[in-house]
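Working through the structure, step by step
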Protein chains: 2
Amino acid sequence: MTSLRDSINEELKTFTRIQQVALEGIGAELAPVARAMEQFIVDGGKRLRPIFAYLGYLGSGGKPRSEIVKAVTSLELVHVCALIHDDVMDGSDLRRNRPAIHRQFEKLHRDHSYHGEPSKFGIAAAILLGDLALVWSDRVLRDSGITESELHRALPVFNEMRDELMAGQYLDVLEGALASSSVARSLKVARFKSGKYSIERPLHFGGALVGASVDILNSYSSFGLPLGEAFQLRDDILGVFGDPGLTGKPAGDDLREGKRTVLIAMAYEGATNSQTQELNRGLGASDVDVEKLREIIVNTGALARCEEMIESLRNDALTSLHSSAINLEIRRTLEEMALIATERVK
Amino acid sequence: MTSLRDSINEELKTFTRIQQVALEGIGAELAPVARAMEQFIVDGGKRLRPIFAYLGYLGSGGKPRSEIVKAVTSLELVHVCALIHDDVMDGSDLRRNRPAIHRQFEKLHRDHSYHGEPSKFGIAAAILLGDLALVWSDRVLRDSGITESELHRALPVFNEMRDELMAGQYLDVLEGALASSSVARSLKVARFKSGKYSIERPLHFGGALVGASVDILNSYSSFGLPLGEAFQLRDDILGVFGDPGLTGKPAGDDLREGKRTVLIAMAYEGATNSQTQELNRGLGASDVDVEKLREIIVNTGALARCEEMIESLRNDALTSLHSSAINLEIRRTLEEMALIATERVK
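Computed from a predicted model, the values in this text were never measured in an experiment.

**Notes on the overall build of chain A**
Scanning chain A from N- to C-terminus turns up 16 helices and two strands. Over its C-alpha atoms chain A spans a radius of gyration of 21 Å, differing by no more than 12% from the 20 Å that the globule rule assigns to 346 residues. Along the first, second and third principal axes, the C-alpha atoms of chain A reach 60 × 60 × 30 Å. Across the 346 residues in chain A, those meeting the buried criterion constitute 62%.

This is the structure:
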């Protein structure tokens, strides 16, 4: 895994440098855009989606090729768009221990005493940088050197995945606006937002590059869907209990943003009247008492229930993996990745 | 032209309906997203970019084919993304005589008494709908039925165009923040934002589908670049003097938004001290005296100078068209389109 991740990082670095030169060629004024893109793309992330895509390719009988490594990095760029736009929508200040992109450009505006509102400038820049990442995701795929037929097979999955991502993000935003506390509804959002997008679709993308059989694609779904949900539930827990040093976000950030996750819906289900009032008061409030809400989430049994659900979903994923026709060596690697994607907070 | 525009509209309608069903399949909650996308895409616009792309295809010797009509509609969807995101960035209320997308979702939030800030919800939805349009632009291209080689040739131009668009938009936002009044700088922004994106690149896109010669591609540039700039200057004039019934925006909207266009830069160049003060006071102010600023723009000679520049750029475009190797019949149509793209306000 380490060496694959290194190769993916290397490809992202090379690609970003080329784009950086191209942007600065359009105008020196674009240097801050180029720098911010480079830093955001090169610095971060576990590269889960490209790794799963590459494994999806190998697992369907594909032979290791550097063009495929390039092609799968496209998924990371889609993710970069999602993160940059997500931070604007959530009004997040931090990402990966650095100011979010919209905050970086807000600061640029202030530092240069530009005209107009700094926050408006920051948001405009972040919208455009996210758009740029989405366009770059196409570019890196087209320029990866894969064959015309590989490209033609991969594009429908690629587009489907991005449609589902945007739809899932909308459902997520809507969920916050509905202030819903239904476990079933939150699970549906988790399924679209992450279940399909983070693991199943990347595996399918890799499979499409080889022209994998329906059998293999189905195995990818029965492994990837439950694992993707487990991954999202782990992310929900990290958003409340995670160590800022590891999550790159302030402690309890999801509570402050009032995110309606499965974990929160479970807390509401198990809450007494007074705990419900505390949850209502705290969620989405800038002065939320993080410790207090954490306690409620533990005491209502929501944390334990969420951990159980993660374990059960992961077990489903692993069971179906063992009975699949996926190449044996790749099955072992997928098992390892399943643990990495859902491991407990250290 | 009319029949080509009708065919493009027909393709956009069919495509959008299919996407609408797909979105509603993900969840009934997505119905407002599907409806807003459909209305925005189907209702509007002159379809200049798809038309130029189709002419670029025919002008390089391509034979009329319905797959190509489908493929060129992808450019309209890129434009839809640009408009939706642009309205968020500019904080515009109206687009094509309807509330801008972010305002529509702000209203949805209010009508349903959702939790949280309506404006935040509106912006989040508009960011996602714009992203969706960008993803759909790829989808319609891939699914158009063009051959693998046509797709492989068209994609680099397609990606280049979208990169330039985002870069141009950033320069435009930056120009507002710098409150610059240099004609040279504003012209550079006009070149990137519109010169390349609106006409030259669509022509190249059409040419790439056929595998046009470098000669033809160069002719497209020497026709498309000056014409694109002229088109942007016409747009600048419409933004100040245009009839709201035709522009779909309130009278003098660009003045209220404080846009730093070539027209405004020319007004500054020709302004007396007191006129400069009036411009400084009015531009970007919500209570701007539109009539007063229009008068200044006329009295400084900026309007006449801008009209002259449009005429001169259009003449450059037409002159280079006449000496080109582009198919004669298509040359005539391009000439007609040049007049449509730059015609005076009625």
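So much for the structure itself; the text now carries on.
**Observations concerning the packing of helix 12 (residues 262–270) of chain A against helix 15 (residues 302–322) of chain A**
Two quantities define a packed helix pair, namely the angle between the axes and the distance from one axis to the other. Residue and element names in this part refer to chain A. Relative orientation of the contacting elements helix 12 and helix 15 amounts to 130 degrees, with a least axis distance of 8 Å. Judged by the angle between their axes, helix 12 and helix 15 are oblique. For the pair helix 12 and helix 15, the crossing hand works out as right-handed. Contacts from Leu-263, Met-266, Ala-267 and Glu-269 of helix 12 reach helix 15 at Ala-302, Leu-303, Arg-305, Cys-306 and Met-309. Taken together, the residues of the contact of helix 12 with helix 15 sort by class into seven nonpolar, no polar and two charged.

**Some thoughts on the packing of helix 8 (residues 183–210) of chain B against helix 12 (residues 262–270) of chain B**
Residue and element names in this part refer to chain B. Relative orientation of the contacting elements helix 8 and helix 12 amounts to 175 degrees, with a least axis distance of 8 Å. Compared by their axis directions, helix 8 and helix 12 come out roughly antiparallel. Facing Val-183, Ser-186, Leu-187 and Ala-190 of helix 8, the residues of helix 12 in contact are Val-262, Ala-265, Met-266 and Glu-269. A per-class count over the contact of helix 8 with helix 12 returns six nonpolar, one polar and one charged.

**What to know about empty space enclosed by the protein**
Once rolled over the atoms, a probe with the size of a water molecule shows which space is left empty. The tally for this structure, following the rule as stated, stands at six cavities of 30 Å³ or more. Roughly 80 Å³ of internal volume is contained in the largest cavity. Contributing to the lining of the largest cavity are Ala-36, Gln-39, Phe-40, Asp-43, Arg-95, Arg-96, Arg-98, Pro-99, Ala-100, Ile-101 and Gln-104 of chain B. Going through the elements one at a time, helix 2 (31–43), strand 2 (98–99) and helix 5 (101–111) of chain B are the ones with two or more residues in the lining of the largest cavity. Broken down by element, the lining of the largest cavity gets its largest block of residues, four residues, from helix 2 of chain B. Partitioning the lining of the largest cavity into residue classes produces five nonpolar, two polar and four charged. Space inside the second largest cavity adds up to approximately 70 Å³. Lining the second largest cavity are Asp-138, Leu-141, Arg-142, Leu-151, Leu-155 and Asn-159 of chain A together with Asp-138, Arg-142, Leu-151, Leu-155 and Asn-159 of chain B. Those elements that provide at least two residues to the lining of the second largest cavity are helix 6 (118–142) and helix 7 (148–178) of chain A together with helix 6 (118–142) and helix 7 (148–178) of chain B.

**Notes on the interface of chain B and chain A**
Contacts between the two partners involve 57 residues from chain B, matched on the other side by 57 residues from chain A. Taken together, both faces of the contact between chain B and chain A bury some 5400 Å²; the carbon and sulfur share is 68%. Linking chain B to chain A there are ten salt bridges. A salt bridge links Glu-29 of chain B to Lys-188 of chain A, with the nearest nitrogen and oxygen atoms 3.7 Å apart. Summed over the shared surface of chain B and chain A, the number is 18 residue pairs in polar contact (both at pLDDT 80 or more). Taken together, the elements giving at least two residues each to the side of chain B that touches chain A come down to helix 1 (2–26), helix 4 (66–90), helix 5, helix 6, helix 7 and helix 8 of chain B.

**Describing the pattern of salt bridges**
Note on pairing: side chains with opposite charge can pair once their charged atoms come close. The final tally for this structure, using the stated rule, is 60 salt bridges over all chains. One salt bridge connects Glu-106 of chain A with Arg-110 of chain A, and the closest N-O pair in it is separated by 3.4 Å. Here Glu-106 of chain A pairs with Arg-110 of chain A, and both are found in helix 5 (residues 101–111), just four residues apart, close to one helical turn. The shortest N-O distance in the salt bridge between Glu-307 of chain B and Arg-234 of chain B comes to 2.9 Å. Placement of Glu-307 of chain B in helix 15 (residues 302–322) and of Arg-234 of chain B in helix 9 (residues 214–241) is noted, with a sequence separation of 73 residues between them. The pair formed by Glu-307 of chain B and Arg-234 of chain B is uniform in burial state, with each residue classed as buried. Three or more residues are tied together by salt bridges with common partners; here these are Glu-29 of chain A together with Glu-175, Arg-185 and Lys-188 of chain B.

**What to know about the environment of Glu-343 of chain A**
All names here are of chain A. Positionally, Glu-343 belongs in the segment after helix 16 (328–342). A relative accessible area of 39% places Glu-343 in the partly exposed class. Distance from Glu-343 to Leu-12, taken between C-alpha atoms, is 26 Å for residues 331 residues apart in sequence.

**What about the packing of aromatic side chains?**
For the coordinates displayed, the defined rule picks out twelve aromatic pairs over all chains. Ring geometry for Phe-105 of chain A and Tyr-170 of chain B: centres 6.0 Å apart, planes at 80 degrees, overall edge-to-face. Here the residue Phe-105 of chain A occupies a position in helix 5, and Tyr-170 of chain B occupies one in helix 7, the pair thus bridging two chains. Its relative accessible area of 2% is what places Tyr-170 of chain B among the buried residues. Among the aromatic residues, ring-to-ring pairing joins Phe-105, Tyr-114 and Phe-121 of chain A together with Tyr-170 of chain B into one connected group. Here Arg-96 of chain A stacks its cationic end above the ring of Phe-40 of chain A, 4.9 Å away from the centre of that ring.

**Observations concerning the relation of the copies chain B and chain A**
For the pair chain B and chain A, the relating rotation is 180 degrees, the translation along its axis is 0.0 Å, and the fit reaches an RMSD of 0.0 Å. Look at the turn and shift together and you get a two-fold axis relating the two. Among all residues of chain B, the minimum C-alpha distance to the rotation axis is found for Glu-148 of chain B, at 3.0 Å. Mapped onto chain A, 100% of the interface residues of chain B are again interface residues, and the two copies thus contact each other with one and the same surface.

**Concerning the confidence of the model for chain A**
Caution applies to low-pLDDT regions: their predicted coordinates should not be interpreted in detail. Looking at chain A as a whole, its pLDDT mean stands at 93, while 99% of the residues score no less than 70. The ipTM value of the predicted complex is 0.93, and its pTM value is 0.94.

**Side note on helix 15 of chain A**
All names here are of chain A. The end-to-end C-alpha distance of helix 15, which contains 21 residues, comes to 30 Å, matching closely the 30 Å that a straight helix rising 1.5 Å per residue would cover. Among all positions in helix 15, only Ala-302, Cys-306, Glu-307, Ile-310, Leu-313, Arg-314, Ala-317, Leu-318, Ser-320 and Leu-321 are buried. For helix 15, the angular spread of buried residues about the axis comes to 165 degrees, placing them on one side. Residues of helix 15 that are exposed and point more than 90 degrees away from the buried face comprise Glu-308 and Thr-319. On its buried face, helix 15 sits against helix 9 (214–241), helix 12, helix 14 (290–299) and helix 16.

**Quick word on the side chain of Ser-92 of chain A**
All names here are of chain A. Note that Ser-92 resides in the loop between helix 4 (66–90) and strand 1 (94–95). Residue classification places Ser-92 among the buried residues on the basis of a relative accessible area of 1%. Those residues in contact with Ser-92 that sit more than four places away from it in its chain are Asp-87, Ala-100, His-102, Arg-103, Lys-249 and Glu-257.

Definitions and cut-offs
Residues numbered from 1 in each chain as written. Chains lettered and ligands numbered in written order. Predicted model: local features only at pLDDT ≥ 70, side-chain atom pairs only at ≥ 80, totals over all residues. Heavy atoms only, no water. Helix = DSSP H or I, 4+ residues; strand = E, 2+ residues; numbered from the N terminus. Rg over C-alpha atoms; globule rule 2.2 N^0.38 Å. Buried < 20%, exposed > 50% of the residue type's maximum accessible area, 1.4 Å probe, protein only. Axes fitted to C-alpha atoms, helices over the stretch in contact; angles between N-to-C directions. Parallel < 35°, antiparallel > 145°, perpendicular 65-115°, else oblique. Left-handed = near helix turned anticlockwise from the far one by under 90°. Contact = heavy atoms within 4.5 Å. Nonpolar A, V, L, I, M, F, W, Y, C, P; charged D, E, K, R; others polar. 1 Å grid on protein atoms, 1.4 Å probe; cavity = no way out; pocket = protein on both sides within 12 Å on 5 of 7 lines; lining within 4 Å. Points joined across faces, edges and corners; volume = space filled by probe spheres on them. Buried area = accessible area lost by both parts, 1.4 Å probe. Salt bridge = Lys/Arg side-chain N within 4 Å of Asp/Glu carboxyl O. Polar contact = N/O pair within 3.5 Å; in protein donor to acceptor, adjacent residues only side chain to side chain. Phe/Tyr/Trp six-rings, centres within 6.5 Å; stacked < 30°, edge-to-face > 60°. Lys NZ or Arg CZ within 6 Å of the ring centre and 35° of its normal. Least-squares fit on C-alpha atoms with pLDDT ≥ 70 in both. pLDDT = per-residue confidence, 0-100. Expected span 1.5 Å × (residues − 1). Arc of directions from axis to C-beta.

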